[in-house]
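Here are the chains, one letter per residue:
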Amino acid sequence: MNQSSLSARSLTDQGVSATTERHPGVSVSDLYTAASDLQRLLSKDTLVRTMEPLGPKTTLKVGGAADLYVVPSQVEDLAETLAWAGKHSMPIHLLGRGSNLLVSDEGVRGVVVSLASQAFLDLEVKGEQIRSGAGVRLKRLSEQARQQGLAGLEFLEGIPGSVGGALRMNAGAMGQWIFDVVLQMTTMDRSGQLRTYRADQITAGYRHCPLLIEEIAIEATFRTLHASEIQVKKTMEAYATQRRSSQPIGSSAGCMFKNPEGGSAGKLIDELGLKGQRMGQAVISEIHGNFIINQGGASAQDVLNLMELVRKRAREDRGVELEIEVQRLGL
Ligand SMILES: Cc1cc2nc3c(=O)[nH]c(=O)nc-3n(C[C@H](O)[C@H](O)[C@H](O)COP(=O)(O)OP(=O)(O)OC[C@H]3O[C@@H](n4cnc5c(N)ncnc54)[C@H](O)[C@@H]3O)c2cc1C
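Treat the numbers as computed from the prediction; the structure is a model and nothing was measured.

Cut-offs applied
Residues numbered from 1 in each chain as written. Predicted model: local features only at pLDDT ≥ 70, side-chain atom pairs only at ≥ 80, totals over all residues. Heavy atoms only, no water. Core = buried A, V, L, I, M, F, W, Y, C linked by side-chain atoms within 4.5 Å. Buried < 20%, exposed > 50% of the residue type's maximum accessible area, 1.4 Å probe, protein only. Helix = DSSP H or I, 4+ residues; strand = E, 2+ residues; numbered from the N terminus. Pairing = 2+ DSSP bridges. Contact = heavy atoms within 4.5 Å. Axes fitted to C-alpha atoms, helices over the stretch in contact; angles between N-to-C directions. Near = heavy atom within 4 Å. Polar contact = N/O pair within 3.5 Å; in protein donor to acceptor, adjacent residues only side chain to side chain. Areas by Shrake-Rupley, 256 points an atom, 1.4 Å probe, with all protein chains shown as cover.

**Student:** Explain the nonpolar core to me, please; I cannot follow it from the model alone.
**Tutor:** Generally speaking, a soluble globular protein has its nonpolar side chains buried in company with each other. Counting residues in each nonpolar core, the largest one holds 30 residues, and the members touching the most others are Leu 141, Leu 153, Leu 156, Leu 167, Ile 178, Phe 179 and Phe 222. Breaking this core down by element, the ones donating at least two residues are α4 (138-147), α5 (163-169), β13 (182-188) and β15 (216-223). Listed in part, the 24 residues of the second largest apolar core include Ala 253, Leu 268, Ala 298 and Val 326.

**Student:** Before we go on, may I ask you to explain the sheet that holds strand β18 (residues 282-284) in this structure?
**Tutor:** Adjacent strands of a sheet pair through backbone hydrogen bonds, lying either parallel or antiparallel. With respect to topology, three strands assemble into an open sheet ordered β17-β18-β19, the strand pairing being antiparallel. With partners counted over all chains shown, the strands left at the sheet margins are β17 (278-279) and β19 (292-294), one partner each. Sheet topology note: the β17/β18 ladder contains two bridges and is antiparallel. Directly across from Met 279, in β18, lies its bridge partner Ala 282. Across the face of the sheet, helix α9 (residues 300-318) comes into contact with β17, β18 and β19 while running at roughly 30° to β18.

**Student:** Is there a simple way to think about the site of the ligand in this case?
**Tutor:** Taken together, 34 residues lie around the ligand, and Leu 94, Gly 96, Ser 99, Ser 162 and Gly 172 are the ones closest in. Separating an oxygen atom of the ligand from a backbone N or O atom of Arg 97 is a distance of 2.8 Å. In the model, an oxygen atom of the ligand is placed 3.0 Å from a nitrogen or oxygen of the Arg 243 side chain. If the ligand stood free it would expose 970 Å²; the protein chains cover 91% of that surface.

**Student:** What exactly am I supposed to notice about the pairing of strand β7 (residues 108-114) here?
**Tutor:** Look at any regular strand and the pattern is simple: side chains alternate between the two faces of the sheet. Taking burial as the measure, the seven residues of β7 include six buried ones, the bulk of the element. Pairing analysis gives four bridges linking strand β4 (residues 65-71) to β7, with the strands arranged parallel. In the strand pairing of β7, Tyr 69 is matched with Val 112. Bridge count for strand β5 (residues 92-95) against β7 is four bridges, and the pairing is parallel. When the bridges of β7 are listed, Leu 95 appears paired with Ser 114.

Right, dumping it as structure tokens:
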């Protein structure tokens, strides 16, 4: 076991006895043993932690801890972690920048993997193509394009996610989405095999890329066009201004619901008079009806209750079945 990671969050630090039952049939000592077992298979730089709090790793800032939390320091360690989890029938969950995630108050069973290590942060520009690791922040990607005078990725500015999360969600803004500009994507399947897909081999829809439910995005290559840096900067500034005037500041997960066919979920929530509604410390934003703000100390249950209220009112008053956009972990 990587002693530095264990000592950083030792069991006693977390105020739990080693025999405490974490969930039916699995004690904290079982998790500790599992983490040691896994760490032995991995390189020393790969981080393995038990009971890692996830709330602070999300923009909504709610939710409990991951049984096991792994940050692979190399691609091979990701494959090894997947194989180990498969052998022990443990679910694997990917965590990007946590900007579209609602984590259960009871935490998450199994292994939560973050691709925040250097191995997944490469960013390389070749002519009009940019190859980016899945852990790269969208902000860094769009800034890099701007600095090189490359247009096409301006709409990603202001989306607070990583490339991996954005591919999974087919994130978009300003009338574009990320798969409009993907040339190819490399994934790892659950058996640890790497595959590269051309854009025309990938199906992606509104806030969804089905391939990435099972497979893990490792990197993608984006298509851009030479332009003047000043023009790219101007476009990004215009988008940022638009975002600032229409979105609230505060802890949120962005839009909670997908827009219904031909309409806007935010507008619908506004028309239903639900802005300002609260459950505990979770409040529907007065600025954008599709945002739920954690005013400090909200639970995942508060957020779920508020979402249920919205869905019930949309169904009963308008006959609209709102589909949830935010991804739920452990729920
Ligand atoms: C203030 C604010 C504004 C936002 N504005 C927008 C917007 O304009 N447009 C928009 O589309 N979204 C928006 N979002 C939502 C969010 O930023 C995007 O969905 C973003 O792409 C999520 O990326 P992430 O890295 O944070 O992913 P996470 O939230 O960590 O994860 C999202 C999903 O992706 C999966 N995932 C993460 N990494 C990988 C990977 N490598 N391989 C496979 N699956 C993976 C996770 O398991 C999860 O299911 C906004 C959010 C906030 C808080």
